[in-house]
Amino acid sequence: MTLSAVEAGAGLRAALSRPPAEVVDQMVASGMRGRGGAGFPTGLKWRLAAEADAPDGRRYVVCNADEGEPGTFKDRVLLAKHADLVLEGMTIAGYAIGAREGLLYLRAEYVYLRDSLLDSLRERREQGLLGREVAPGFDFDIRVHMGAGAYVCGEESALLESLEGRRGEPRDRPPYPVVRGLHGAPTVVNNVETFAWATAVLARGPEWFASIGTHRSTGPKLLSVSGDVARPGVYEFPLGVPIAEVLRAAGGTDAKAVVVGGAAGSCVPASEFGRTVSYEDVATGGAFIVLGPDRDLIDVAENVAEFFADESCGQCAPCRLGTVALLDGVRRLRAGNCTPDDVARLRRLGATMRLTSKCGLGQSSPNVFLSLLEHFPADMRVPVGTGGE
Ligand SMILES: Cc1cc2nc3c(=O)[nH]c(=O)nc-3n(C[C@H](O)[C@H](O)[C@H](O)COP(=O)(O)O)c2cc1C
Ligand code: SF4
C-alpha cells in the first residue's frame, strides 16, 4: 500500500511550514475527491469551511469512520494499521480551516479499535502533535465519539445530529455542513481514507497525487474486495482501473457481476467489466462485491432491499414507504406473482425514490434493484413481455 511508504509526520511538517490557505491550495491542486462515496472535491470543501462565516470563531473537523456501507472494510484496515496518517490528516485539515477541535465518529461495531485510537491520540499529545501550540497560534485536539449502529448516521448531516446527542436523522440541506455543521459552526466532514491521502498529498506534493489516476479522478483508491474471489481483501489501485483488472488481481475472473459501491451502488454485468472504477464511470466509496457464476441474483436483490427497509430512518415518505414496497416487489417477483405492469410500476417507484427521497439513503436504495432488472431479467424472474420503461 502506498500509504505504508508515507513518512509519519512529513505531511504535518509540510503543512505547518506554510500559511493555511496554501495548504488548501495544495489540496485543490491535487484534484482529490472525497473517498467516502459522493466524491466532493476535498480542497474545495476545506476552502468553503475556511471561508465560511464563523461568528464565535469555532470550526470543526469530523472524521467519518462510520463505514456502514455493506461490503466496505477499508476504513477499518486504515484505522487499525495507519491510524497516525488519519489523525495527521485531521490535524492538517484543522490547521487549513482554522479549527481547534476534531472528532472521529467511530462505527459502533469498531469499538474494539477505540483503545488503540486513544493510545495513538495520547502518544501524539506527548509528542506535541496534538494539544496546545501544535504550531505557534495553532491548538488542535481530537476526540473519539462512538456511533450506535445506524447506517444512516454515515450520512454527514445525520452524523452531526448524532454527535450533538440527538437522534441520527439527516438535516435539510442547504445549509451544508461546511457552512453550518456541528453546533452551527463551519465543519469539514471527510472520510477516513480522505484524511489518510490528505497526509500523503502534503508529504509528497499535489503533483504526485494528481499524476495518478485519470484527469477527473486523481490519485490512488482503496477497494474492499469481497464475495466470490480467491483473494478477498483491501486493494489499492489508481482510480480509472478497469473492473476486469481488479477481478484479475483478486482471482475472480469468472464473475457473473460485481456490485460496485455496495448496497447503494449498482450491479455491473460481465459484459461491462471493461468499465472503470472512477467518478466519471462506476463510482464507489470502496465496496467491490464479486458475484460468481452460480449466484442467483434475486437473492442479492432481496438482501439489499431488506437492508434498506431496515435502515430507512423513516423521516420521509418516499424512502419509508418505498423501501418496504420494493422489498415486497422483489418477494413477489421471486414468487412469480408479478405481471408486466407490476414490474413497470416497480421501475417507476425506483425512479421516484431516486428523485424525491430526502437523503442519499433513499435516493440510492433502488440502484441495485434497478440495475439487476436491467441486466439480469431472468434471474429477477421478470415475466416475458415486460416492456422497458
Ligand atoms: C446513507 C449514507 C451513509 C453514508 N455512510 C458513509 C460512511 O460510512 N462513511 C463515509 O465516509 N461517508 C458516508 N456517507 C457519505 C457522507 O455523507 C459524506 O459524503 C462523506 O463522509 C464525506 O466525506 P468525503 O468527502 O471525504 O468522501 C454516507 C452517505 C449516506 C447517504
Ligand atoms: S431518505 Fe430515508 S434515510 Fe433519508 S431522510 Fe428520508 S427516510 Fe430518512
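Residues numbered from 1 in each chain as written. Chains lettered and ligands numbered in written order. Predicted model: local features only at pLDDT ≥ 70, side-chain atom pairs only at ≥ 80, totals over all residues. Heavy atoms only, no water.

The chain has the name Dehydrogenase in an unreviewed UniProt entry, where Cellulomonas humilata is given as its organism. Regarding the chain, the relevant UniProt record gives this comment under Sequence similarities (unreviewed entry): "Belongs to the complex I 51 kDa subunit family." (UniProt positions renumbered as here; feature names shortened; annotations may be inferred.)

*Asks:* Account for the pattern of salt bridges, with residues named and values stated.
*Replies:* Inspection of every chain in the model, using the stated rule, returns 34 salt bridges. For the salt bridge of Arg107 with Glu109, the shortest nitrogen-to-oxygen distance reads 2.9 Å. A salt bridge links Glu164 to Arg166, with the shortest nitrogen-to-oxygen separation between them at 2.3 Å. The exposure class of Arg166 is partly exposed, given its relative accessible area of 43%. One connected set of salt bridges, linked through shared partners, spans Asp299, Glu302, Glu306, Arg331 and Arg334. (Salt bridge = Lys/Arg side-chain N within 4 Å of Asp/Glu carboxyl O. Buried < 20%, exposed > 50% of the residue type's maximum accessible area, 1.4 Å probe, protein only.)

*Asks:* Describe a nonpolar patch on the surface, and please don't skip the residues or the numbers.
*Replies:* Together, Phe40, Leu44 and Leu48 make up an exposed nonpolar region whose accessible area comes to about 240 Å². Here Leu44 is to be found in helix H3 (residues 42–51). (Patch = residues over 30% accessible without salt bridge, like charges linked within 9 Å, V, L, I, M, F, W, Y side chains within 5 Å. Areas by Shrake-Rupley, 256 points an atom, 1.4 Å probe, with all protein chains shown as cover. Helix = DSSP H or I, 4+ residues; strand = E, 2+ residues; numbered from the N terminus.)

*Asks:* An account of the packing of helix H5 (residues 83–97) against helix H8 (residues 192–204) is requested, with residue identities and associated values reported.
*Replies:* At a closest axis distance of 7 Å, the pairing of H5 and H8 adopts a crossing angle of 75 degrees. As far as their axial angle goes, H8 and H5 are roughly perpendicular. Residues Leu85, Val86, Glu88, Gly89, Met90, Ile92 and Ala93 of H5 lie in contact with H8, whose contacting residues are Val192, Phe195, Ala196, Thr199 and Leu202. Of the residues assigned to the contact of H5 with H8, the class counts are nine nonpolar, two polar and one charged. (Axes fitted to C-alpha atoms, helices over the stretch in contact; angles between N-to-C directions. Parallel < 35°, antiparallel > 145°, perpendicular 65-115°, else oblique. Contact = heavy atoms within 4.5 Å. Nonpolar A, V, L, I, M, F, W, Y, C, P; charged D, E, K, R; others polar.)

*Asks:* Got a sec to walk through the side chain of Ser226? Specific residues and values, please.
*Replies:* Looking at the secondary structure, you find Ser226 in strand E6 (residues 220–227). For Ser226, a relative accessible area of 16% translates into the label buried. With sequence-adjacent residues up to four places away left out, Ser226 is seen in contact with Gly71, Phe73, Pro232, Phe288, Ile289 and Val290.

*Asks:* Provide a residue-level description of the layout of surface pockets, including the pertinent values.
*Replies:* Taken as a whole, the second largest pocket spans an internal volume of roughly 180 Å³. In terms of lining residues, the second largest pocket is bounded by Pro70, Val259, Gly262, Ala263, Ile289, Leu291, Arg295, Asp299, Val300, Asn303, Val304 and Phe307. Listing elements by their share of the lining of the second largest pocket, those giving two or more residues are strand E12 (287–291) and helix H11 (297–311). When residues in the lining of the second largest pocket are grouped by element, the largest group, five residues, is from H11. Of the residues that constitute the lining of the second largest pocket, the class distribution is eight nonpolar, two polar and two charged. (1 Å grid on protein atoms, 1.4 Å probe; cavity = no way out; pocket = protein on both sides within 12 Å on 5 of 7 lines; lining within 4 Å. Points joined across faces, edges and corners; volume = space filled by probe spheres on them.)

*Asks:* Explain the packing of aromatic side chains to me, and be specific about the residues and the numbers.
*Replies:* Under the criterion given, the structure shown has eight aromatic pairs. Between Tyr151 and Phe307 the ring centres are 4.8 Å apart and the planes differ by 65 degrees, which places this aromatic pair in the edge-to-face class. You can see Tyr151 sitting in the loop between strand E4 (138–146) and helix H7 (156–163) and its partner Phe307 sitting in helix H11, a full 156 residues away along the chain. Take Tyr151 and Phe307: they sit in the same class, and that class is buried. Geometrically, the ring pair formed by Phe307 and Phe308 is edge-to-face, given 5.3 Å between the ring centres and 70 degrees between the ring planes. Here the two residues Phe307 and Phe308 agree in accessibility, since each one is buried. Site record: aromatic cluster; members linked through ring pairs are Tyr95, Phe138 and Phe140. Taking the ring centre of Trp208 as reference, the NZ or CZ of Arg204 above it sits at 5.0 Å. (Phe/Tyr/Trp six-rings, centres within 6.5 Å; stacked < 30°, edge-to-face > 60°. Lys NZ or Arg CZ within 6 Å of the ring centre and 35° of its normal.)

*Asks:* Let's hear about the packing of H5 against helix H6 (residues 114–126): which residues, and what values?
*Replies:* For the pair H5 and H6, interaxial distance at closest approach is 10 Å and the crossing angle is 60 degrees. Considered as vectors, H5 and H6 are oriented oblique to each other. Where H5 crosses over H6, the handedness of that crossing is right-handed. Of the residues in H6, those touching H5 at Ala83, Asp84, Leu87 and Glu88 are Leu117, Ser120, Leu121 and Arg124. Among the residues forming the contact of H5 with H6, the class breakdown is four nonpolar, one polar and three charged. (Left-handed = near helix turned anticlockwise from the far one by under 90°.)

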